[in-house]
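Read off the chains here:
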Amino acid sequence: MGFFADEEMNYIFSSDTVKKLCKGSLKIEDLSESDLVLNMRQKGVDMKIGLDIASLAYKKLADQIVLISGDSDFVPAAKLARVEGIDFIVDSMGMKINDNLIEHIDGLRSYYKRFGASETDRE
C-alpha cells in the first residue's frame with residue numbers, strides 16, 4: 001500500500017453536481033456539503049510494484065509476471081523483467097495502453113469485458 005499525500009487531498013464537486021450546475025437545474029446558492037466528495041489519491045504504489053517486479057526478476061522467483069495495469073510508469077520494470085528472462089504479460093482491463101509499454105512486454109491480454117466489447121486476446 002502507498003500513502004495519501006495530505007497536500008493533494010481536497011474536496012471537489014461530484015459529477016452529478018457538475019451536470020446539474022451546467023444544465024441549470026442546480027444553482028450555486030443551493031449547493032450543500034453533500035454535493036462535494038473527498039478527492040484523494042494514493043501515492044507510491046507504482047514504485048512499490050516496480051520494486052516487487054525487480055525483486056522477483058533478480059531472485060529468479062517467477063517465470064511469468066502478469067501485470068494488471070496499462071500504466072506506462074511500469075516500462076522500466078517490464079524491461080528489467082524481460083532482460084532477466086521473465087515472460088511479461090499485461091492485462092489492461094480493456095483500456096488502451098501506451099505504445100512505450102507495448103514495446104516492452106511479451107503479451108497483451110484482456111479478460112475484462114467492456115460494455116459491448118468482446119473478449120480479446122492479443123499477443
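So, here's what we can say about the structure. Just so it is clear, the structure is predicted and the values come from calculations on it, not from any experiment. Note on numbering: residues in each chain are counted from 1, in written sequence order. Only residues with pLDDT of 70 or above have their local features reported here, since the model is predicted, and side-chain atom pairs are shown and tallied only from 80 upward, although totals for entire chains, interfaces and linings are computed over all residues. As a rule here, side-chain values cover all heavy atoms of the structure and leave hydrogens and water aside.

**Things to note about the overall build of the chain**
- Across its full length, the chain carries 4 helices and 8 strands.
- Secondary structure elements in the chain, listed N-terminal to C-terminal, are β-β-α-β-β-α-β-α-β-α-β-β.
- Whether a residue is buried, partly exposed or exposed follows from its accessible area with a 1.4 Å probe, protein chains only, as a fraction of its type maximum: under 20%, in between, or over 50%, in that order. Counting all 123 residues of the chain, 25% fall into the buried class.
- Within the chain, contacts between residues separated by at least 24 positions form 43% of all contacts whose residues are at least 6 apart in sequence.
- Working definition of accessibility: Shrake-Rupley area with a 1.4 Å probe, residue cover restricted to the visible protein chains. Approximately 9000 Å² of the chain is accessible, and the part contributed by carbon and sulfur atoms is 53%. In DSSP terms, a helix is any run of H or I states spanning at least four residues, a strand is any run of E spanning at least two, and both are numbered starting from the N terminus. Residue contacts follow a heavy-atom distance rule, with two residues in contact if any of their heavy atoms lie within 4.5 Å.

**Observations regarding the pairing of strand β6 (residues 87-91)**
- Among the 5 residues of β6, 4 are classified as buried, and the element is accordingly described as predominantly covered.
- Only when DSSP finds a minimum of two bridges between them are two strands counted as paired. When strand β5 (residues 64-68) meets β6, the two strands line up parallel, connected through 5 bridges. Across the sheet, residue Leu 67 finds its bridge partner in β6, namely Val 90.
- In the sheet, β6 pairs with strand β7 (residues 107-110) via 3 bridges, with the strands oriented parallel.

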